[in-house]
Amino acid sequence: MEKKKQHPQVKSELHPRSQHRTRYNFEALIKSSPELAKYVAPNKYGDESVDFFNPAAVKALNKALLIHHYGLEYWDIPEHYLCPPIPGRADYIHNIADLLKGNQSEIPKGKHIKGLDIGVGANCIYPIIGQHEYGWSFIGSDTDETAISSAKTIEQKNYKLRSTLEIRRQEKSNNFFNDILKPEEKVDFTICNPPFHASAEDAQKASLKKQKNLKGKRPNKALLNFGGQHNELWTKGGEARFVKDMIYESKHFGKQCFWFTSLISKEATLKPTYKILEKVNATVVKTIEMGQGHKISRFIAWTFLTEQEQNDWIKERW
């Protein structure tokens, strides 16, 4: 056994309201989801853990986290669909809450606060966390039929989600808001985790590099850890093109949404994105950084509402 690592008791880089700032309590997680037990074993340091290179173990851990921390009755995803790290997704939601709060004394809570999750995926993570932590309601959109079916099953099998989540199929893969937001329908924010690779080859290379960094040796093949379908991982032009197209389309829905937001994986994407936001005359642009372990993540937020329209929105809806 190797020398035991000293881990901090609190993961200070995560959001202060995150439920994931302490180390995994496997005893409690197994109690909430007994099927996790078979994947938990001491690692080389003697700490209880799971094999993060085993997709079944990662899925079982995620399921246990969602049941234990977010009160789910049911959660599952089809094989080979994205199984995202819960703490990072929770941080996006908590930072959205801070964004909505702005200069107000309290965070807007309750089902009258509505978000649009662009690319809700088979896992439904953002609506699950947003509903549990803040009582928000969501529209979840996706182009993938299997993802839509999975998300609807999660919604139907969890009592709290039935009245706070509506899944809508996006028929046109190059649309974001068209055919999803109804005329005059308003949402308080949008949330999106874009596919950030430009091709399947790029996605494969990134997976190989990640494994090499983690294991310290060159793997034989890329194991995308429930890494997702192609539409979840890559798109023509990568995340820069995806976010650019989203911004141009968002201009036409500027009075139907307070804050548009999107994760930005690559720092190099920021500069061209700022230029596009200036071109479409966004009134406010913010970049919110989030720290997860050694990795810095961020999302960009923009609105087309004037200061007066923002104040009116808050009075009328929040």
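As recorded in an unreviewed UniProt entry, the protein chain goes by Ribosomal RNA large subunit methyltransferase F and comes from Winogradskyella rapida. The annotation that UniProt attaches to the protein chain under Subcellular location (unreviewed entry) is "Cytoplasm". UniProt's Sequence similarities (unreviewed entry) comment on the protein chain is quoted here verbatim: "Belongs to the methyltransferase superfamily. METTL16/RlmF family."

A. Expanded view of the nonpolar core. Counting residues in each nonpolar core, the largest one holds 57 residues, and the members touching the most others are Leu-36, Trp-75, Ile-128, Trp-136, Phe-189 and Phe-299. Among the elements that make up this core, the one with the highest residue count is helix 2 (residues 55–70) (nine residues). Grouped together as the second largest cluster of nonpolar side chains are 25 residues, Leu-116, Ile-139, Leu-277 and Phe-304 included.

B. Quick peek at the packing of aromatic side chains. Using the criterion set out here, one finds 15 aromatic pairs in the structure. Seen from their ring centres, Phe-176 and Phe-242 are 5.0 Å apart, and the 90 degrees between their planes marks the pair as edge-to-face. With Phe-176 in the loop between strand 5 (165–169) and strand 6 (187–192) and Phe-242 in helix 9 (residues 238–250), the pair connects residues that are 66 residues apart, well separated along the chain. For the pair shown, Phe-176 and Phe-242 are each scored as buried. Among the aromatic residues, those joined into a cluster by ring pairs are Phe-176, Phe-177, Phe-242, Phe-253, Phe-260, Trp-302 and Phe-304. Between the NZ or CZ atom of Lys-157 and the centre of the ring of Tyr-74, over which it lies, the distance is 4.5 Å.

C. Quick look at the pattern of salt bridges. Using the criterion set out here, one finds ten salt bridges in the structure. We note a salt bridge from Arg-17 to Asp-98, for which the minimum N-O separation is 2.7 Å. Placement of Arg-17 in the segment before helix 1 (26–32) and of Asp-98 in helix 3 (residues 86–101) is noted, with a sequence separation of 81 residues between them. Classification of Arg-17 as partly exposed rests on a relative accessible area of 33%. Exposure remark for Asp-98: the relative accessible area of 29% places this residue in the partly exposed category. Of the charged contacts, one joins Arg-168 and Glu-185 as a salt bridge, the two residues approaching to 2.9 Å between their closest N and O atoms. Placement of the pair is Arg-168 in strand 5 and Glu-185 in the loop between strand 5 and strand 6, with a sequence separation of 17 residues. Through salt bridges with shared partners, a single network forms among Glu-166, Arg-168 and Glu-185.

D. Examining the packing of helix 2 against helix 4 (residues 125–134) more closely. The interhelical angle for the contact between helix 2 and helix 4, taken along N-to-C directions, is 20 degrees, at an axis separation of 11 Å. Relative to helix 4, the element helix 2 is oriented roughly parallel. Here helix 2 runs over helix 4; the crossing is left-handed. On the side of helix 2, the interface is formed by Leu-66, His-69 and Tyr-70, while helix 4 contributes Ile-125, Ile-128, Ile-129, His-132 and Glu-133. Tallied by class, the residues present in the contact of helix 2 with helix 4 amount to five nonpolar, two polar and one charged.

E. Looking closely at the confidence of the model for the protein chain. For the protein chain, mean pLDDT is 87; residues scoring 70 or higher make up 82% of the total. Here residues 197–214 is a poorly scored stretch, pLDDT under 50, and it has 35 contacts once near neighbours within four places are set aside; other chains count.

F. Focus on helix 5 (residues 145–156). Across its twelve residues, helix 5 extends 16 Å between first and last C-alpha, which sits within 8% of the 16 Å expected from 1.5 Å per residue. All buried positions along helix 5 are accounted for by Ala-147, Ile-148, Ser-150, Ala-151, Ile-154 and Glu-155. Buried residues of helix 5, seen end-on, are gathered within an arc of 165 degrees and therefore sit on one face of the element. Against helix 4, strand 4 (137–142), helix 6 (159–162) and strand 5 lie the buried residues of helix 5. The backbone nitrogen of Thr-146 lies 3.0 Å from a side-chain oxygen of the residue at the head of helix 5, namely Asp-144.

G. Spotlight on the side chain of Gln-256. Within the secondary structure, Gln-256 is located in the loop between helix 9 and strand 7 (257–263). In terms of polar contacts, Gln-256 uses its side chain to reach the backbone carbonyl oxygen of Lys-182, at 3.0 Å. A polar atom in the side chain of Gln-256 sits 2.7 Å from the backbone oxygen of Glu-185. Once you skip the residues sitting within four places of it in the chain, Gln-256 turns out to touch Leu-181, Lys-182, Pro-183, Glu-184, Glu-185, Lys-186, Val-187 and Trp-313.

Thresholds applied
Residues numbered from 1 in each chain as written. Predicted model: local features only at pLDDT ≥ 70, side-chain atom pairs only at ≥ 80, totals over all residues. Heavy atoms only, no water. UniProt positions renumbered as here; feature names shortened; annotations may be inferred. Core = buried A, V, L, I, M, F, W, Y, C linked by side-chain atoms within 4.5 Å. Buried < 20%, exposed > 50% of the residue type's maximum accessible area, 1.4 Å probe, protein only. Helix = DSSP H or I, 4+ residues; strand = E, 2+ residues; numbered from the N terminus. Phe/Tyr/Trp six-rings, centres within 6.5 Å; stacked < 30°, edge-to-face > 60°. Lys NZ or Arg CZ within 6 Å of the ring centre and 35° of its normal. Salt bridge = Lys/Arg side-chain N within 4 Å of Asp/Glu carboxyl O. Axes fitted to C-alpha atoms, helices over the stretch in contact; angles between N-to-C directions. Parallel < 35°, antiparallel > 145°, perpendicular 65-115°, else oblique. Left-handed = near helix turned anticlockwise from the far one by under 90°. Contact = heavy atoms within 4.5 Å. Nonpolar A, V, L, I, M, F, W, Y, C, P; charged D, E, K, R; others polar. pLDDT = per-residue confidence, 0-100. Expected span 1.5 Å × (residues − 1). Arc of directions from axis to C-beta. Polar contact = N/O pair within 3.5 Å; in protein donor to acceptor, adjacent residues only side chain to side chain.

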